[in-house]
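What the coordinates show
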Amino acid sequence: MNRVIALLLLCSLPLAASAQIYKWTDANGQVHFSQNPPKEGNFQDVTPQLPVSGTTSGGATPAKRRQGTAPTTTNDTALQTKADNEERCAKARERISFLQEKTAHRLFVTGDDGQPARMTDEQFDQQLQDAQDAASKYCS
């Protein structure tokens, strides 16, 4: 029985790695982290950036290197915004492609009790809609 649970957890790891993480603060000042952004209000995509194989090994990830250098002109800011939007667009398209290849009964999410549970059709549809919304926002 333990082997079955371990196998299910291992199978769900790619899903956890591909999920986006959002951060927002509610009206009471409470900070929240979730896979789904809030329906209303401001939020921030805080998904960790994993290094791509074949990149230079400088110890710092590209996201950390970007934080250390402040743009000096509006042109730099515009270029950085464009690059960020292209990256978000690529992630959204990748997520759409992944979801369209799968079906809800094959995907796992963490249930309210902390245990892996199969994704419902409604959760699947919401994940796909969120990815499509992001693609329409960031892809030109």
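About the criteria used
- Residues numbered from 1 in each chain as written.
- Predicted model: local features only at pLDDT ≥ 70, side-chain atom pairs only at ≥ 80, totals over all residues.
- Heavy atoms only, no water.
- Helix = DSSP H or I, 4+ residues; strand = E, 2+ residues; numbered from the N terminus.
- Buried < 20%, exposed > 50% of the residue type's maximum accessible area, 1.4 Å probe, protein only.
- Contact = heavy atoms within 4.5 Å.
- Areas by Shrake-Rupley, 256 points an atom, 1.4 Å probe, with all protein chains shown as cover.
- Expected span 1.5 Å × (residues − 1).
- Arc of directions from axis to C-beta.
- Salt bridge = Lys/Arg side-chain N within 4 Å of Asp/Glu carboxyl O.
- pLDDT = per-residue confidence, 0-100.
- Axes fitted to C-alpha atoms, helices over the stretch in contact; angles between N-to-C directions.
- Parallel < 35°, antiparallel > 145°, perpendicular 65-115°, else oblique.
- Left-handed = near helix turned anticlockwise from the far one by under 90°.
- Nonpolar A, V, L, I, M, F, W, Y, C, P; charged D, E, K, R; others polar.
- Pairing = 2+ DSSP bridges.
- Disulfide = S-S within 2.5 Å.

What follows is about the overall build of the chain. When its secondary structure is counted, the chain shows four helices and five strands. Counting from the amino terminus, helix and strand elements in the chain follow one another as α-β-β-β-α-α-β-β-α. Burial statistics for the chain: of 140 residues in total, 19% are counted as buried. Contacts in the chain between residues at least 24 apart in sequence constitute 38% of all its contacts with a sequence separation of at least 6. Surface exposure of the chain reaches about 10,600 Å², of which carbon and sulfur atoms provide 53%.

Here the focus is helix α4 (residues 121–138). Because the α-helix completes a turn every 3.6 residues, residues three or four places apart line up on one side. Compared with an ideal rise of 1.5 Å per residue, which puts 18 residues at 26 Å, α4 spans 26 Å between its outermost C-alpha atoms and is within 8% of the ideal. Residues Phe124, Gln127, Leu128, Ala131, Ala134 and Ala135 constitute the buried set of α4. Projected down its long axis, α4 shows its buried positions confined to an angular sector of 120°, all on one face. Away from its buried face by more than 90 degrees, α4 exposes Asp121, Glu122, Ser136 and Lys137. Contacts made by the buried residues of α4 are with α3 (74–101).

Across all of its chains, the model carries one salt bridge by this definition. Here lysine 91 and glutamate 87 are joined by a salt bridge, their closest N and O atoms 3.8 Å apart. Separated by four residues within a single helix, lysine 91 and glutamate 87 lie in helix α3, roughly one turn from each other. Looking at glutamate 87, the relative accessible area reads 29%, which means it is partly exposed.

For the chain, mean pLDDT is 75; residues scoring 70 or higher make up 69% of the total. Confidence scores differ between elements of the chain, with helix α2 (residues 62–68) showing the lowest mean pLDDT of 46 and α4 the highest of 89. Note that pLDDT drops below 50 for residues 54–71; the model gives that stretch nine contacts with residues more than four away or on any other chain.

Take the packing of α3 against α4 next. Relative to each other, α3 and α4 sit at 150°, their axes nearing to 8 Å. It follows from the interaxial angle that α3 and α4 lie roughly antiparallel. Handedness of the α3/α4 crossing: left-handed. Contact residues: Asn85, Arg88, Cys89, Ala92, Arg95, Ile96, Leu99 and Gln100 in α3; Phe124, Gln127, Leu128, Ala131, Gln132, Ala134, Ala135 and Tyr138 in α4. In the contact of α3 with α4, the residues fall into ten nonpolar, four polar and two charged.

On to the pairing of strand β1 (residues 22–25). In β1, alternate side chains face the same way, and those of Tyr22 and Trp24 are buried while those of Lys23 and Thr25 on the opposite face are not. In this antiparallel pair of consecutive strands, β1 and strand β2 (residues 31–34), the connection spans five residues, and glycine 29 shows a positive phi of 85°. Taken together, the two bridges between β1 and strand β3 (residues 44–45) define a ladder with antiparallel strand orientation. Bridging from a neighbouring strand, lysine 23 pairs with glutamine 44 of β3.

Once that is clear, we can look at the state of the cysteines. Evaluated as defined, the whole model comprises one disulfide. Each sulfur in the disulfide pair cysteine 89 and cysteine 139 lies 1.8 Å from the other. Across the disulfide from cysteine 89 to cysteine 139, rotation about the S-S bond amounts to roughly 110°, and the bridge is consequently right-handed. With cysteine 89 in helix α3 and cysteine 139 in the segment after α4, this residue pair connects regions lying 50 residues apart in the sequence. Residue cysteine 89 shares its accessibility class with cysteine 139, and that shared class is buried.

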